[in-house]
Amino acid sequence: MRPHLLPVHNPRDSPTSLSASGSSSLAITASPVLRIGSEKDVGMATTRISIPSSIEEISRSETKPLIQRTFSYTQQFSTSPDSSPFQQKRRRRSASDNSLSDLQSGDGDHSFQQDVGRDASDAYVITRLSLTLLRYLGLGYRWISSFLALGCYSLFILPGIVQVGYQYFFSTQIRRGIVYGDQPRNKLDIYLPKNSVSPKPVIAFVTGGAWIIGYKAWGSLLGLQLLERDIIVVCIDYRNFPQGTISHMIQDASQGISFICNHIAEYGGDPERIYLMGQSAGAHIGACVLLDQAIKEASGERISWSVSQIKSYFGLSGGYNLFNLIDHLNNRGLYHNVFSRIMEGEESFDRYSPEIVARNPEHRNAVSLLPPVALFHGTADYSLPCVCSKSFAETLQNLGVQAEAVMYEGKTHTDLFIQDPMKGGRDDMFEDLVSRIHAGDSEALARDAVARPAKRLVPEFMLKLARAVSPF
């Protein structure tokens with residue numbers, strides 16, 4: 001019998017208070033409407049995007065998707081009071097039958113017009129929030145120099161960005177913008193292998209971005225690599241600061257994981273082989289989600305997904321103790337006042353530090369529910385030092401959790417996630433990840449042994465220049 005789905009969102013939670021930014025946000029006296037369509041569309045229905053006049057209005061106006069999708073968590077899987085169990089099962093079975101066939105045929109119901117409208121609305125929201133964020137940060141020396149360094153870094157890896165971006169927007173193996181909740185940016189992308197003969201292992205991926213510039217598309221390089229190894233990847237988008245604070249990020253990620261646990265079978269995924277992974281800030285958010293869910297489960301709260309459904313947790317270049325990060329990140333340009341706002345004040349650091357939460361004797365039963373944990377980190381990472389992963393792994397080991405910290409000598413924050421994959425050939429971190437997912441599957445391991453090396457996306461000299469100027 002299919003489990004009853006429960007909402008992760010607590011309706012009593014209030015949106016992030018942005019009073020500080022409200023007074024300094026850009027003034028717009030009118031709310032223009034962007035109409036997307038061609039001259040041939042005159043007299044026909046066209047896509048309309050209302051552009052709000054404030055950050056608060058963005059949060060209110062996006063409680064429903066700006067553009068209706070053909071597959072919606074809140075539409076296709078919601079049940080009305082008078083729906084019979086038989087009708088609900090028929091709807092779910094119909095969605096399951098159509099999900100993979102749409103992908104394989106490449107015909108889906110997503111029109112080009114809808115894709116353009118969706119991407120335009122996402123770009124607008126991210127740009128507007130970025131401008132508001134600048135009012136928080138100011139234009140200090142560190143941010144100006146980091147911005148220039150980021151521009152140079154992006155220029156040097158541009159050949160790779162273009163190739164990955166083309167695949168992201170035009171590949172029929174990627175289902176973009178699937179809605180999983182009713183909050184702003186509650187969307188996810190699913191990367192599906194061509195071979196759909198048998199259920200595939202699944203990675204639920206939470207992207208990084210310093211809790212500020214995270215976006216689901218940042219996982220596209222990893223997603224495209226893993227689908228070549230018969231692994232489904234689901235990249236979860238979530239509210240970033242200043243649109244939300246850490247509690248909203250955890251809430252969004254948890255609801256995205258709930259969607260995956262309950263519906264990935266409809267996309268050819270194996271519900272018994274779901275792995276959770278996060279990179280950088282996403283690794284911190286993922287660890288918070290896992291512990292928060294374990295605590296709820298241990299206390300007997302009603303939940304929409306179980307920690308037991310996660311086979312392993314993979315953290316890539318993450319930080320897990322906020323008290324050890326605040327001064328370090330301040331020196332890197334993420335200032336105390338901004339970081340404290342993101343984490344809802346220094347009084348909340350205990351609550352949102354997975355390492356400290358795990359040490360709390362009150363949570364011993366919850367910690368015992370955690371799956372195996374592998375934390376990958378480069379020893380030359382200056383954004384989030386490798387001691388973060390070592391310390392968290394040691395804490396979990398002392399509490400009886402199967403945990404390990406895997407170090408990569410001389411690798412930086414971006415080497416493991418960007419430069420090494422774009423270099424082509426053998427990628428140690430990638431192979432370590434795949435071997436853990438395929439452990440116990442002799443056929444998959446045999447295919448991995450003869451898999452073609454990844455192709456080079458960026459010339460070596462440009463990667464070296466990118467590494468030299470990287471602000472991360």
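Calculation rules
Residues numbered from 1 in each chain as written. Predicted model: local features only at pLDDT ≥ 70, side-chain atom pairs only at ≥ 80, totals over all residues. Heavy atoms only, no water. Pairing = 2+ DSSP bridges. Helix = DSSP H or I, 4+ residues; strand = E, 2+ residues; numbered from the N terminus. Axes fitted to C-alpha atoms, helices over the stretch in contact; angles between N-to-C directions. Contact = heavy atoms within 4.5 Å. pLDDT = per-residue confidence, 0-100. Core = buried A, V, L, I, M, F, W, Y, C linked by side-chain atoms within 4.5 Å. Buried < 20%, exposed > 50% of the residue type's maximum accessible area, 1.4 Å probe, protein only. Salt bridge = Lys/Arg side-chain N within 4 Å of Asp/Glu carboxyl O. Expected span 1.5 Å × (residues − 1). Arc of directions from axis to C-beta. Parallel < 35°, antiparallel > 145°, perpendicular 65-115°, else oblique. Phe/Tyr/Trp six-rings, centres within 6.5 Å; stacked < 30°, edge-to-face > 60°. Lys NZ or Arg CZ within 6 Å of the ring centre and 35° of its normal.

**Remarks on the sheet that holds strand β7 (residues 269-279)**
Spatially, β3-β4-β6-β5-β7-β8-β9-β10 is the arrangement adopted by the 8 strands of the open sheet, whose pairing is mixed. Each edge of the open sheet is held by one strand with a lone partner, namely β3 (174-179) and β10 (403-408). Ignoring strand direction, the axes of neighbouring strands in this sheet form an average angle of 20 degrees. Pairing of strand β8 (residues 310-316) with strand β9 (residues 373-378), which is carried by 4 bridges, proceeds in the parallel orientation. Within the sheet, the bridge partner assigned to Phe 314 lies in β9 and is Ala 374. Docked against the sheet, helix α7 (residues 158-170) engages β3 and β4 (187-191), running at close to 65 degrees with respect to β3. This element, helix α17 (residues 428-437), spans β5 (200-206), β7, β8, β9 and β10 of the sheet and lies at about 155 degrees to β10.

**Some points on the confidence of the model for the protein chain**
Averaged over all residues, the pLDDT of the protein chain equals 80, while 70% of them reach at least 70. Note that pLDDT drops below 50 for residues 1-110; the model gives that stretch 176 contacts with residues more than four away or on any other chain.

**A few points about the nonpolar core**
Core analysis: the biggest nonpolar cluster contains 66 residues, and Trp 211, Ile 285, Tyr 313, Phe 339 and Ile 342 have the highest contact counts within it. Among the elements that take part in this core, helix α10 (residues 281-298) stands out by supplying 9 residues, more than any other. Core analysis: the second largest hydrophobic core is formed by 40 residues, Tyr 215, Leu 316, Phe 376 and Ile 418 among them.

**A look at the pattern of salt bridges**
This model, assessed by the stated rule, comprises 17 salt bridges. Put simply, Arg 239 and Asp 252 hold a salt bridge, and the shortest N to O gap is 2.9 Å. You can see Arg 239 sitting in the loop between β6 (232-236) and α9 (246-263) and its partner Asp 252 sitting in helix α9, a full 13 residues away along the chain. Judged by its relative accessible area of 5%, Arg 239 falls in the buried class. Residue classification places Asp 252 among the buried positions, given a relative accessible area of 0%. Arg 436 is paired through a salt bridge with Glu 404; the nearest N and O atoms lie 2.9 Å apart.

**Things to note about unusual backbone geometry**
The amide bond that connects Phe 241 to the next residue, Pro 242, takes the cis arrangement and shows omega of 10 degrees. Mapped onto the secondary structure, Pro 242 falls in the loop between β6 and α9. Even without being a glycine, Ala 210 presents a positive backbone phi close to 55 degrees. The topology assignment puts Ala 210 in the loop between β5 and α8 (220-227). Ala 210 sits in the partly exposed class, given a relative accessible area of 34%. Unlike most non-glycine residues, Ser 317 shows phi in positive territory, near 55 degrees.

**Looking at helix α15 (residues 387-398)**
Here α15 contains 12 residues, and its C-alpha end-to-end distance of 16 Å stays within 8% of the 16 Å for a straight helix at 1.5 Å per residue. Among the residues making up α15, those that are buried are Cys 388, Ser 389, Phe 392, Ala 393, Thr 395 and Leu 396. The buried residues of α15 all sit within an arc of 160 degrees when viewed along its axis, so they share a single face. More than 90 degrees from the buried face of α15, the exposed residues found are Val 387 and Asn 398. For α15, the elements touching its buried residues are α10, α13 (354-359), β9 and β10. Just beyond α15, the residue with positive phi is Gly 400, at close to 90 degrees.

**Quick word on the packing of α9 against α10**
Running from N to C, α9 and α10 point in directions that differ by 75 degrees, and their axes come no closer than 9 Å. Put simply, α9 runs roughly perpendicular to α10. Residue-level inspection shows Ile 246, Met 249, Ile 250, Ala 253, Ser 254 and Ile 257 of α9 in contact with α10, the latter providing His 284, Ile 285, Cys 288, Val 289 and Gln 293.

**Details of the packing of aromatic side chains**
According to the stated counting rule, one finds 12 aromatic pairs in the structure shown. Taken together, a centroid distance of 4.9 Å and an interplanar angle of 40 degrees make the contact between Tyr 166 and Phe 170 tilted. Placement of the pair is Tyr 166 and Phe 170 together in helix α7, with a separation of 4 residues, close to one helical turn. Since its relative accessible area comes to 56%, Tyr 166 is described here as exposed. We classify Phe 170 as exposed; its relative accessible area is 54%. Geometrically, the ring pair formed by Phe 376 and Tyr 408 is tilted, given 6.3 Å between the ring centres and 50 degrees between the ring planes. With a gap of 32 residues between them, Phe 376 in strand β9 and Tyr 408 in strand β10 connect regions that are remote in the sequence. Neither Phe 376 nor Tyr 408 differs from the other in exposure class; each is buried. Members of the aromatic cluster, connected to one another through ring pairs, are Trp 211, Phe 323, Phe 339 and Phe 349. Between the NZ or CZ atom of Arg 176 and the centre of the ring of Tyr 168, over which it lies, the distance is 5.4 Å.

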